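# Structural features, examined
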Amino acid sequence: QVQLVESGGGLVQAGGSLRLSCAASGTTFISEPWAWWRQAPGKQREWVATITSGGITNYRDSVKGRFSISRDNAKNTVYLQMNSLKPEDTAVYYCNAIRDGAVKFNNWGQGTQVTVSS
């Protein structure tokens, strides 16, 4: 069974940076597109960024130029480098694989909390 473990979150001031990690096990990591999502209090989970198996990336407009998604296939890990953080980036961040344009795994990880103070 797949296991997703997110880490790297924390409390940071506006303008600061964090690097999130997502370690995946029990899945054919190297052949799959992966993505990050986030969920702010009282809001629905929203997509943040995707990276294909070939390394092509895509971002939601609000994070373009500030966030960077990457992957290390040798470590079965996907990363999210977040720079110039804003209070509106505050959320719990999750990762998951993509299949046919949708979330692949029903069992999400615990997520990692990112809190940006103004």
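The structure we're discussing is the one just above.
Residues numbered from 1 in each chain as written. Predicted model: local features only at pLDDT ≥ 70, side-chain atom pairs only at ≥ 80, totals over all residues. Heavy atoms only, no water.

## Considering the pattern of salt bridges
Going through the model one piece at a time under the given rule, you end up with six salt bridges. Note that arginine 60 and glutamate 46 form a salt bridge whose closest N and O atoms lie 3.5 Å from each other. Within this pair, whereas arginine 60 is found in the loop between β6 (57-59) and β7 (67-72), its partner glutamate 46 is found in strand β5 (residues 46-51), the two being separated by 14 residues in sequence. Arginine 60 gets classed as partly exposed once you look at its relative accessible area, which sits at 23%. Linked through salt bridges whose partners overlap, the residues forming this network are Arg38, Glu46, Arg60, Arg66 and Asp89. (Salt bridge = Lys/Arg side-chain N within 4 Å of Asp/Glu carboxyl O. Helix = DSSP H or I, 4+ residues; strand = E, 2+ residues; numbered from the N terminus. Buried < 20%, exposed > 50% of the residue type's maximum accessible area, 1.4 Å probe, protein only.)

## Points about unusual backbone geometry
With a phi angle near 50 degrees, serine 84 is a residue other than glycine that sits in the positive phi range. Secondary-structure assignment places serine 84 in the loop between β8 (77-82) and β9 (91-99). Despite not being glycine, aspartate 100 has its phi angle at roughly 55 degrees, a positive value. Within the secondary structure, aspartate 100 sits in the loop between β9 and β10 (102-103). According to the relative accessible area criterion, aspartate 100 is exposed, its value standing at 80%.

## Examining the layout of surface pockets
In this structure, the largest pocket occupies an estimated 160 Å³ of space. Together, 13 residues line the largest pocket, and Arg38, Ala40, Lys43, Glu46 and Glu88 are the ones closest to its centre. (1 Å grid on protein atoms, 1.4 Å probe; cavity = no way out; pocket = protein on both sides within 12 Å on 5 of 7 lines; lining within 4 Å. Points joined across faces, edges and corners; volume = space filled by probe spheres on them.)

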